[in-house]
Amino acid sequence: MSKKVSKKKTIRKGSRKLRNQKRIMGVLLVFTIVVGLVQVQALVNDSNKIDSATYSPLVFSEPLKQTLSVLQIAKKDGDSLFNNKNKLIEFSDIKNYDEDNLDRYLAYSEAFPELLTAEVVWRVNINLDVDDYTSVITIDNPEDNLAIINKNRAVASGYVPSDLTDLEDGTFQLSKAAAKAYKLLLADIKKAELDLKVLNAYMSEQEVKLEHDEYILDKELSTNDYGLVKPGHSEHQLGLAVDVENTDEANFSESEVYFWLKNNAHRFGFIFRYEVASEISHYNNESNHLRYVGEDVAVDMYEKNIKHLEEYLDKYENR
Ligand SMILES: [Zn+2]
């Protein structure tokens, strides 16, 4: 009898042990799932960061992209991979890293410690760390819709676009593709019962020189004077830029025309070239200056929310 009881007890004891084990296993399983979810959440957060315009994987070099896709988890000791202070991303991890520029990256990064590594690289690559007009190169692709003119990139003296085309009454001209796009844009804005006037389009080298000479008259110029545009350094000379005006009384930047353009100009291949900070563009802010770059790039810049053509080309165009 007693033997039977003790046997039963042993069985009961055994099943209790089993239940306890199951319970522990259950708790562990829940714990694992929770930890897993937290990790997945962290991963999603970081992928979102990578996917955002500034940190698109496209800005990273191939080896880093591969590492990111293998490791996936981009966190270390609670700090983001993109935290510049910890230098988890090296300059050499960035797509268009140029070994010859390393000292300049370091100097620029020290001058602007808030900038992330990828931001330092494109800015130095396009000579934003160099004073205006101190290392000028002459561009070799002035007919290209993506040709870049700035304070250290000039179009050759004597250059005139070969396909200048009249806008309406012949007072203003743009290169052929830009003129065609402008006419389509004008027709479309009229459908919205708005109207647009051209203030300035193609400018010859001589016209830019006249404006320049007037600008420097009796003026004490400082280094990097954003208003100073020397001949060869105005993209109006490419026939790809047009300054526009609204026809009603409102200030341009508060006008309906402006808001329409902000939402629609990209569909016709135009970007606002000088709406970025002057410290970046090195030109005065000009909210009525539209630059033709073609539909693909204009739409892509709009969607990625990239305002600076040089930045876009450095990060996203293959070169
Ligand atoms: Zn302009």
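These numbers come from a predicted model, not from an experiment. (Residues numbered from 1 in each chain as written. Predicted model: local features only at pLDDT ≥ 70, side-chain atom pairs only at ≥ 80, totals over all residues. Heavy atoms only, no water.)

## Thoughts on the overall build of the protein chain
Piece 1. Scanning the protein chain for helices and strands turns up ten helices and ten strands.
Piece 2. When each of the 319 residues of the protein chain is scored for burial, the buried share is 42%.
Piece 3. Residue pairs in contact within the protein chain that sit at least 24 positions apart in sequence constitute 61% of those at least 6 positions apart.
Piece 4. Summed over all atoms, the accessible surface of the protein chain reaches about 18,600 Å², with 53% contributed by carbon and sulfur. (Helix = DSSP H or I, 4+ residues; strand = E, 2+ residues; numbered from the N terminus. Buried < 20%, exposed > 50% of the residue type's maximum accessible area, 1.4 Å probe, protein only. Contact = heavy atoms within 4.5 Å. Areas by Shrake-Rupley, 256 points an atom, 1.4 Å probe, with all protein chains shown as cover.)

## What about a nonpolar patch on the surface?
Piece 1. Together, Ile 24, Met 25 and Leu 28 make up a nonpolar patch on the protein surface, roughly 330 Å² of accessible area in all.
Piece 2. Looking at where Leu 28 falls in the secondary structure, it is placed in helix H1 (residues 2-51). (Patch = residues over 30% accessible without salt bridge, like charges linked within 9 Å, V, L, I, M, F, W, Y side chains within 5 Å. Salt bridge = Lys/Arg side-chain N within 4 Å of Asp/Glu carboxyl O.)

## Side note on the coordination of the zinc ion
Piece 1. At the metal site, the zinc ion is ligated by His 236 (NE2), Asp 243 (OD), Asp 243 (OD), Glu 286 (OE) and His 289 (ND1), and these contacts range over 2.1 to 2.7 Å.
Piece 2. Each donor residue of the zinc ion belongs to the same chain, with the gaps between them written as H-x6-D-x42-E-x2-H.
Piece 3. What makes Glu 286 partly exposed here is its relative accessible area of 26%. (Donors = N, O, S within 2.8 Å, 3.2 Å for Na, K, Ca; no water.)

## Some words on the side chain of His 236
Piece 1. Note on placement: His 236 falls in the loop between helix H6 (205-216) and strand S8 (241-246).
Piece 2. Judged by relative accessible area, His 236 falls into the buried class, the value being 6%.
Piece 3. At a separation of 2.8 Å, a polar atom in the side chain of His 236 contacts the main-chain carbonyl oxygen of Ala 201.
Piece 4. Not counting chain neighbours up to four residues away, the residues in contact with His 236 comprise Asn 200, Ala 201, Tyr 202, Met 203, Ala 241, Val 242, Asp 243 and His 289. (Polar contact = N/O pair within 3.5 Å; in protein donor to acceptor, adjacent residues only side chain to side chain.)

## Observations regarding unusual backbone geometry
Residues other than glycine predominantly adopt negative phi, and peptide bonds predominantly adopt the trans conformation.
Piece 1. The phi dihedral of Asp 218 is positive, around 50°, even though this residue is not glycine.
Piece 2. Counting through the fold element by element, Asp 218 comes out in the loop between H6 and S8.
Piece 3. One non-glycine residue with positive phi stands out, namely His 282, at about 65°.
Piece 4. Structurally, His 282 can be placed in the loop between helix H8 (278-281) and strand S10 (286-292).
Piece 5. On the basis of relative accessible area, His 282 is assigned to the buried category, the value being 8%.

## Some remarks on the pattern of salt bridges
Piece 1. Applying the stated criterion across every chain, the model contains 13 salt bridges.
Piece 2. The shortest N-O distance in the salt bridge between Lys 209 and Asp 213 comes to 2.8 Å. Pair noted here: Lys 209 and Asp 213 are both in helix H6, with a separation of four residues, about one helical turn.
Piece 3. For Lys 209, a relative accessible area of 36% translates into the label partly exposed.
Piece 4. Owing to a relative accessible area of 29%, Asp 213 belongs among the partly exposed residues under this scheme.
Piece 5. Where salt bridges share partners, they join Glu 235, Arg 273, Arg 291 and Glu 310 into one cluster.

## Brief notes about the nonpolar core
Piece 1. If you look at the biggest cluster of nonpolar residues, it comprises 35 residues, and the most contacted ones within it are Tyr 182, Leu 196, Val 242, Leu 261 and Phe 270.
Piece 2. Looking at this core, the elements with two or more residues in it are helix H5 (176-191), strand S7 (196-200), S8, helix H7 (256-264), strand S9 (270-274) and S10.
Piece 3. Contact partners of Val 242, with chain neighbours within four places excluded, come to Leu 174, Tyr 182, Val 198, Asn 200, Ala 201, His 236, Phe 270, Asn 288, His 289 and Leu 290.
Piece 4. Of all hydrophobic cores here, the second largest spans 14 residues; its members include Ile 89, Tyr 105, Tyr 108 and Ile 126. (Core = buried A, V, L, I, M, F, W, Y, C linked by side-chain atoms within 4.5 Å.)

## A few points about the side chain of Asn 264
Piece 1. Tracing the backbone shows Asn 264 in helix H7.
Piece 2. On the accessibility criterion, Asn 264 (14% relative accessible area) is buried.

## With respect to the sheet that holds S10
Two modes of strand pairing occur in sheets, parallel and antiparallel, and in both the strands are linked by backbone hydrogen bonds.
Piece 1. Read from one edge of the open sheet, four strands run S7-S8-S10-S9, paired in antiparallel fashion. Each edge of the sheet is formed by a strand with only one pairing partner; in this case those strands are S7 and S9. On average, each strand axis in the sheet is tilted by 45° relative to the strand beside it, whichever way the strands run.
Piece 2. Note that S7 and S8 share four bridges and pair antiparallel. Among the inter-strand pairings, Lys 197 is bridged to a residue of S8, identified as Glu 245. (Pairing = 2+ DSSP bridges. Axes fitted to C-alpha atoms, helices over the stretch in contact; angles between N-to-C directions.)

## A closer look at H6
Piece 1. The terminal C-alpha atoms of H6 lie 17 Å apart, and with twelve residues this matches the ideal 16 Å at 1.5 Å per residue to within 8%.
Piece 2. Among the residues trailing H6, Asp 218 stands out with phi positive, at a value near 50°. (Expected span 1.5 Å × (residues − 1).)

## Considerations on empty space enclosed by the protein
Piece 1. Tallying each qualifying case throughout the model produces three cavities of 30 Å³ or more.
Piece 2. Here the largest cavity defines a volume of roughly 100 Å³.
Piece 3. Broken down by class, the residue content of the lining of the largest cavity amounts to four nonpolar, six polar and three charged. (1 Å grid on protein atoms, 1.4 Å probe; cavity = no way out; pocket = protein on both sides within 12 Å on 5 of 7 lines; lining within 4 Å. Points joined across faces, edges and corners; volume = space filled by probe spheres on them. Nonpolar A, V, L, I, M, F, W, Y, C, P; charged D, E, K, R; others polar.)

## Side note on the pairing of S10
Piece 1. With six of its seven residues buried, S10 lies for the most part within the structure.
Piece 2. Taken together, the four bridges between S9 and S10 define a ladder with antiparallel strand orientation. Across the sheet, the residue bridging to Ile 271 is Arg 291, located in S10.

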